[in-house]
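For reference, the chains in residue letters:
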Amino acid sequence: GFFQSYAVEVDVKDASNATCLYAKWMMRFLIKYETNSSDYKNTTLHLSSSVTHNGSVCGNDTQAALLAIQFGEGHSWSINFTKTNETYQGDFITFTYNTNDTAVFPDAKRKGPVTIVVKDIMRPVQLNNVFVCHNTDFVEAENVTQIFWNVTVQAFVQNGTISKKESRCRADTPTSAPTVPPTIANVTTPSTTTLSPAPTTAPKPVENPDTGNYSLKSGNKTCLLATVGLQLNVSRDKPLLININPKTTSADGTCGNTTATLKLNDGNSTLISF
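Calculation notes
- Residues numbered from 1 in each chain as written.
- Predicted model: local features only at pLDDT ≥ 70, side-chain atom pairs only at ≥ 80, totals over all residues.
- Heavy atoms only, no water.
- Helix = DSSP H or I, 4+ residues; strand = E, 2+ residues; numbered from the N terminus.
- Buried < 20%, exposed > 50% of the residue type's maximum accessible area, 1.4 Å probe, protein only.
- Pairing = 2+ DSSP bridges.
- Axes fitted to C-alpha atoms, helices over the stretch in contact; angles between N-to-C directions.
- Contact = heavy atoms within 4.5 Å.
- Disulfide = S-S within 2.5 Å.
- Core = buried A, V, L, I, M, F, W, Y, C linked by side-chain atoms within 4.5 Å.
- Phe/Tyr/Trp six-rings, centres within 6.5 Å; stacked < 30°, edge-to-face > 60°.

This part covers unusual backbone geometry. Although it is not a glycine, Ser-38 adopts a positive phi angle of roughly 65°. Structurally, Ser-38 can be placed in the loop between strand S2 (19-34) and strand S3 (40-46). Positive phi values are uncommon outside glycine, yet Asn-128 reaches one of about 70°. Here Asn-128 shows up in the loop between strand S9 (125-126) and strand S10 (130-133). You can call Asn-128 partly exposed: its relative accessible area is 25%.

Now the structure itself:
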């Protein structure tokens, strides 16, 4: 079936009915779950047209702000924001999906709510600025990929008025067009999770990575083959280039009837999943 991704808009008010926390964004979730036959399936969870924001909190100098939404058959998502004297930023993202929702999780082996908590390292935003990012970003953890785009958010709103000053993510440069949100077929999940945008330029590789040959077996039969050279560009204060060494990298994963997962471990705390 076809599912529509809906935009979410949350306007949290304080005791005087003034806006204290505002957000509008689009998101969906790619989830891998185990079935009763011990196979694994991929599913996509979309926001419904009816979303509530019970439990959202304005926040203040001593208490974090909380943006919390509930949707569908027992699913929920939240992010809390902390601030300093000059900036605010996201802290933790908490996502709960309910496998009792048989429309999304048919034949799920594990029944009931499953909660994922990830650290959000969103870069600090100046107080009285609204953060805007139209390009797609995603967070991956524990077989769940959270996908976000067309994000507008301001925490700790001053005087009840959304600011006209924007802090744009680096991906939203004048020459860049919004990216197409990933699907199960084309998403590649990194081991690092972040909502902060990547730099628009990358340093030239010093050297090319060695090509490795990786394979998976299902019983006695080879079910996946990959011949690839891999180099990671990690965005930090100074960009870090990491070449994956095939001689020290092990391959693991699973093959199913419609999907296959290849997991590479270089033995040096770098994990890559395709």
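Read across the sheet, three strands follow the order S18-S19-S20 without closing on themselves; strand pairing throughout is antiparallel. Looking at which strands have only one partner, the edges of the open sheet turn out to be strand S18 (250-255) and strand S20 (271-273). Strand-to-strand twist across the sheet, computed as the mean angle between neighbouring axes with direction ignored, equals 15°. In the sheet, S18 pairs with strand S19 (residues 260-265) via six bridges, with the strands oriented antiparallel. What sits directly across from Thr-254, in S19, is Thr-261.

What follows is about the side chain of Gln-146. Here Gln-146 shows up in strand S12 (residues 144-154). The exposure class of Gln-146 is buried, given its relative accessible area of 2%. Setting aside residues no more than four positions away along its own chain, Gln-146 makes contact with Arg-28, Phe-29, Trp-77, Ile-93, Phe-95, Val-118, Asp-137, Phe-138 and Val-139.

For the coordinates displayed, the defined rule picks out three disulfides. Covalently, Cys-20 is tied to Cys-58 through a disulfide, its sulfur atoms 2.0 Å apart. Handedness here is read from the sign of the S-S torsion; for Cys-20 and Cys-58, about -70°, the answer is left-handed. One end of the pair, Cys-20, is in strand S2; the other, Cys-58, is in the loop between strand S4 (51-52) and strand S5 (65-71), and 38 residues separate them in sequence. Across this residue pair, the class does not change: Cys-20 and Cys-58 are buried. One disulfide in the model links Cys-223 with Cys-255; its S-S distance is 2.0 Å. Here the S-S torsion is close to 75°, and the disulfide linking Cys-223 with Cys-255 is therefore right-handed. Of this pair, Cys-223 sits in strand S15 (residues 221-229) while Cys-255 is found in strand S18, placing the two residues 32 residues apart along the sequence. Looking at the chain, its bonded cysteines, counted consecutively from the start of the sequence, adopt the pairing 1-2, 3-4, 5-6.

Further remarks concern the nonpolar core. Counting 45 residues, the largest nonpolar core has Trp-25, Trp-77 and Phe-81 as its most contacted members. With eight residues, S2 is the single largest residue contributor to this core. The contacts of Phe-81, once residues within four sequence positions are left out, are Leu-21, Ala-64, Ala-65, Leu-67, Tyr-88, Gln-89, Gly-90, Met-122, Val-153, Ala-155 and Phe-156. Leu-216, Leu-224, Leu-230 and Leu-264 belong to the second-largest nonpolar core, a separate cluster that totals nine residues.

Before going further, it helps to examine the packing of aromatic side chains. Applying the stated criterion across every chain yields a total of eight aromatic pairs. Between Phe-29 and Phe-71, the ring centres sit 6.1 Å apart and the planes meet at 5°, which makes this aromatic pair stacked. Residue Phe-29 is located in strand S2, and its partner Phe-71 is located in strand S5; the two are separated by 42 residues in the primary sequence. Residue classification places Phe-29 among the buried positions, given a relative accessible area of 0%. Given the relative accessible area of 3%, Phe-71 is considered buried. Measuring from centroid to centroid gives 6.5 Å for Phe-81 and Tyr-88, while their planes differ by 70°, and the two rings are edge-to-face. Across this residue pair, the class does not change: Phe-81 and Tyr-88 are buried. In this structure an aromatic cluster arises from ring pairing among Phe-29, Tyr-33, Phe-71, Phe-95, Tyr-97 and Phe-105.

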